[in-house]
Amino acid sequence: MCSPATAAEQRDYRTKLQIINRLWGHIFDLLLYIQDNEGKTIDQIQQEIDRTEYYCSPYADCDDDELRALELARTVQQIKMRGKNADA
């Protein structure tokens, strides 16, 4: 199954929608950079694109069925954590 291996990677997990949102942010940053508006440097934009690529890595070798199972497992885990936090 496709899933982050470590607890740190699980905390750093992004949904496909969050990744798409980041990609649109990169597009707008690049447009501002091209137009010479004040904004991020090309190095900052590249670092953010590299980070987004990292967020995509859990999806690299997965088919859609595996992704749905992964997202369901994460949802169940989040619900369990909320329950534990509510009990504390």
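This text follows the structure it describes.
Residues numbered from 1 in each chain as written. Predicted model: local features only at pLDDT ≥ 70, side-chain atom pairs only at ≥ 80, totals over all residues. Heavy atoms only, no water.

Considering the overall build of the protein chain
Okay, so step 1: Counting secondary structure elements, the protein chain contains four helices and zero strands.
Okay, so step 2: Secondary structure elements in the protein chain, listed N-terminal to C-terminal, are α-α-α-α.
Okay, so step 3: For the protein chain, the residues scored as buried account for 18% of the 88 residues in total.
Okay, so step 4: Within the protein chain, contacts between residues separated by at least 24 positions form 70% of all contacts whose residues are at least 6 apart in sequence.
Okay, so step 5: Accessible area for the protein chain stands at about 6,900 Å²; split by element, carbon and sulfur atoms hold 55% of it. (Helix = DSSP H or I, 4+ residues; strand = E, 2+ residues; numbered from the N terminus. Buried < 20%, exposed > 50% of the residue type's maximum accessible area, 1.4 Å probe, protein only. Contact = heavy atoms within 4.5 Å. Areas by Shrake-Rupley, 256 points an atom, 1.4 Å probe, with all protein chains shown as cover.)

Structural notes on the environment of I27
Okay, so step 1: Turning to its location among the elements, I27 is positioned in helix 2 (residues 16–34).
Okay, so step 2: Here I27 falls in the partly exposed class, since its relative accessible area comes to 38%.
Okay, so step 3: Along the backbone, I27 and I45 are 18 residues apart, and their C-alpha atoms lie at a distance of 9.5 Å.

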